[in-house]
Amino acid sequence: AARSVQWTAQPSPVRGTPPLLPSEKRNLERLQRSLHRAELGRSPADASGRPRARGQLLGASGPASLTPSRASSFCAPVSLSSGDDNLKVIVRIRPLNSREREAGGHKCIQQSNERSLAVLTSEPQHYTFDAVAGEDADQTSIFQVAGQPIVENCLAGYNSCIFAYGHTGSGKTYTMLGPQTEGGHQSQMRGLTPRVFEHLFQKIAGLNEEPGDIKRTVRCKCSFLEIYNETLTDLLSPSDGQHLQIREDANHGIYVENLCEEAVGCMEDVSSLLVRGQAARKVGETAMNRESSRSHSVFTCTLECSSTDASGVTQILHSRLNLVDLAGSERQKASGAAGERLREASSINKSLSTLGHVIMSLVDMQRGAHRHVPYRDSRLTYLLQESLGGNSKTIMMANISPSSANLAETLSTLRFAQRAKSIKNRAKVNE
Ligand code: ADP
Ligand code: MG
């Protein structure tokens, strides 16, 4: 049966969400209690009202495990004892498509169980991750595993990030948004981004339903940008064609100067931003004669959760959620390319490999090693710095195709995912 990914507490020395002040901590605990009461079920721990330690929000008795209906059987319960669990790696195998079938491709990837898969070469290779989603895993299941915990997390004041990795055609955009048809992100097959916001607005609506003296409000702002050739373009305000700069200062942390941020209060607001951003992306591609697979898109939501108590004292928690559809991970050939193509190839290779290095450094640091985290080596990791590491929670959705025609790219994705987080194969593989 499917279960949501669970996090366990792990204070981390690396930079990310800063430690809470005592007043923020009290506020967080209140917010958590109200979130729990707003949940569909209650565990004894919630009923006692006992506050949880920061970072333990989504443990075995936390909101993630209160999911009422269990989805199709693809995803194992995850209980990690080591300190690397601010990152979850989920591999999603998409179904073989008709084109692949017609071209004579056969399935060379088989899900073994909820956490493992086998690559069916002459000597089958087994890989284990936090979760493996097979081809029958629907979008609802993916949301329950990856999206729901992230929303709870953001409302509790943590920065979070979901990114989709994989070669072009592996299912990144399908996972993050839904089918690339008109209205695809509003259909039954809609992906993580719309579902995350539906859940977020549902949660926000339920926040003040319980009786009590504390009044809570949550304000959300969204931005949508694209990173291509190490330059940033605003997808919500693309007309000026300006490249945006990443800045950093003590007050704001890391931010993008002049980036358009729009307040959102309902699903329609979010949908219209998605449509606008996708359209701007298309225009940019046509104008520059390139494919979207060569750029990263980053949809960011900044939350401001404030609670005012009976005496009028207000506490505010800020958090940020980044939903990232990465450039295709297929090897970009730099040899023989010149000009724009060369720049393009090297910037994609560089940003994806830097992302890999950043993740590996973070995992090592959580295991006690002292490492330099090379955030500044690419715009992508610099931009996401405050959502990668520290107390932030990150989900890497590694998308793969089951087709033998894509085997080389699939192996490369599996290796990337495994390097990012190597998990000992504790689950018995069902042969
Ligand atoms: P990418 O963004 O990685 O290039 P897409 O998300 O565009 O890949 O997916 C490629 C094609 O496969 C699309 O037609 C998409 O609708 C389809 N597809 C991807 N994943 C799935 C899935 N899990 N179930 C059904 N169709 C899928
Ligand atoms: Mg895509």
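Treat the numbers as computed from the prediction; the structure is a model and nothing was measured.

About the thresholds
Residues numbered from 1 in each chain as written. Chains lettered and ligands numbered in written order. Predicted model: local features only at pLDDT ≥ 70, side-chain atom pairs only at ≥ 80, totals over all residues. Helix = DSSP H or I, 4+ residues; strand = E, 2+ residues; numbered from the N terminus. Contact = placed C-beta atoms within 7 Å. Expected span 1.5 Å × (residues − 1). Buried ≥ 20, exposed ≤ 12 C-beta atoms within 10 Å, placed from the backbone. Arc of directions from axis to C-beta. Axes fitted to C-alpha atoms, helices over the stretch in contact; angles between N-to-C directions. Parallel < 35°, antiparallel > 145°, perpendicular 65-115°, else oblique. Left-handed = near helix turned anticlockwise from the far one by under 90°. Nonpolar A, V, L, I, M, F, W, Y, C, P; charged D, E, K, R; others polar. Near = placed C-beta within 6 Å. Pairing = 2+ DSSP bridges. UniProt positions renumbered as here; feature names shortened; annotations may be inferred. Core = buried A, V, L, I, M, F, W, Y, C linked by C-beta atoms within 7 Å.

Trainee: Describe the overall build of the chain, listing the residues and the values that go with them.
Mentor: Counting its regular elements, the chain contains 10 helices and 15 strands. Considering only contacts in the chain between residues 6 or more positions apart, those separated by 24 or more positions represent 75%.

Trainee: Tell me about helix α10 (residues 407-420), and please be specific about residues and values.
Mentor: Taking 1.5 Å per residue as the helical rise, α10 with its 14 residues ought to reach 20 Å, and the 20 Å between its terminal C-alpha atoms agrees with that figure. Where α10 is concerned, the buried positions are E409, T410, T413, F416, A417 and A420. End-on view of α10: buried residues confined to an arc of 125°, all on one side of the axis. Exposed and oriented more than 90 degrees from the buried face of α10 are A408 and R415. Where α10 is buried, its residues contact β1 (87-93), β2 (109-111), β6 (160-165), α8 (339-366) and β15 (393-400).

Trainee: Tell me about the packing of helix α4 (residues 139-155) against helix α6 (residues 192-206), and please be specific about residues and values.
Mentor: Contact geometry of α4 with α6 gives a least axis separation of 9 Å together with a crossing angle of 45°. The orientation of α4 relative to α6 falls into the category oblique. Pair α4 / α6 crosses with right-handed handedness. Residues I142, F143, A146, G147, Q148, I150, V151 and L155 of α4 touch α6, and the partners they reach there are L192, R195, V196, H199, L200 and K203. Taken together, the residues of the contact of α4 with α6 sort by class into 9 nonpolar, 3 polar and 2 charged.

Trainee: I'd like a rundown of the site of ligand 1, residues and numbers included.
Mentor: In the vicinity of ligand 1 lie 15 residues, with R94, G171, K172, T173 and Y174 positioned nearest. Per-element accounting of the shell around ligand 1 gives the leading share, 3 residues, to helix α5 (residues 172-176). Considered class by class, the residues forming the shell around ligand 1 number 3 nonpolar, 10 polar and 2 charged.

Trainee: If you had to explain the sheet that holds strand β3 (residues 116-119) to someone new, which residues and values would you point to?
Mentor: An order of β2-β3-β4 is seen for the 3 strands of this open sheet, with the pairing classed as antiparallel. In this open sheet, the two strands that pair with only one neighbour each are β2 and β4 (125-128). Across this sheet, the average inter-strand angle for adjacent strands is 25°, counted without regard to direction.

Trainee: Report on the UniProt feature "binding site: ATP" (unreviewed entry) in the chain, specifying residues and quantitative values.
Mentor: Per the UniProt record, "binding site: ATP" (unreviewed entry) is found at G166, H167, T168, G169, S170, G171, K172 and T173. By the secondary structure assignment, G166 is in the loop between β6 and α5. Among all residues touching G166, those that are not within four sequence positions of it are G171, K172, S329, A398, N399, I400 and T413. In this fold, T168 is placed in the loop between β6 and α5. Every residue in contact with T168, bar those within four places of it in the chain, is listed here: S293, G328 and E330.

Trainee: Could you give an account of the environment of I142, with specific residues and numbers?
Mentor: By the secondary structure assignment, I142 is in helix α4. Accessibility expressed as a C-beta count within 10 Å gives 25 for I142, which makes it buried. Here the alpha-carbon distance between I142 and T175, two residues 33 residues apart in the chain, equals 8.0 Å. Not counting the four nearest positions on each side in its chain, I142 is found in contact with R92, A133, A137, T175 and L192.

Trainee: Residue-level account of the nonpolar core, with values.
Mentor: In terms of nonpolar packing, the biggest core is built from 84 residues, with I90, V91, A146, I162, M396 and M397 touching the most fellow members. Per-element accounting of this core gives the leading share, 8 residues, to α4.

Trainee: Give a detailed account of the environment of E409, specifying residues and quantitative values.
Mentor: Structurally, E409 is set in helix α10. The spacing of E409 and S329 is 80 residues in sequence and 7.9 Å in space, taken between C-alpha atoms. Apart from residues no more than four positions distant in its own chain, E409 is found in contact with H167 and E330.

Trainee: An account of the pairing of strand β10 (residues 246-249) is requested, with residue identities and associated values reported.
Mentor: Across 4 bridges, the pairing between β10 and strand β11 (residues 253-256) is antiparallel. Across the sheet, residue E248 finds its bridge partner in β11, namely I254. Between the antiparallel neighbours β10 and β11 lie 3 residues.

Trainee: Could you give me a rundown of the packing of α8 against α10, with the residues and numbers involved?
Mentor: Where α8 contacts α10, the two axes come as close as 8 Å, and the packing angle between them is 30°. The pairing of α8 with α10 is recorded here as roughly parallel in orientation. Every residue of α10 that contacts α8 at G356, I359 and M360 is listed here: F416, R419 and A420. Looking at the contact of α8 with α10 residue by residue, the class counts come to 4 nonpolar, 1 polar and 1 charged.

Trainee: How would you sum up the environment of C220? Please name residues and give values.
Mentor: Among the structural elements, C220 can be located in strand β7 (residues 215-228). Excluding residues within four positions of it along the chain, C220 makes contact with A263, V264, C301 and L303.

Trainee: I'd like a rundown of unusual backbone geometry, residues and numbers included.
Mentor: Its identity is not glycine, yet E230 carries a phi of approximately 60°, on the positive side. Among the secondary structure elements, E230 is positioned in the loop between β7 and β8 (231-234). Judged by the 16 C-beta atoms lying within 10 Å of it, E230 falls in the partly exposed class. Positive phi values are uncommon outside glycine, yet N258 reaches one of about 65°. Take N258: it is sitting in the loop between β11 and β12 (262-264).

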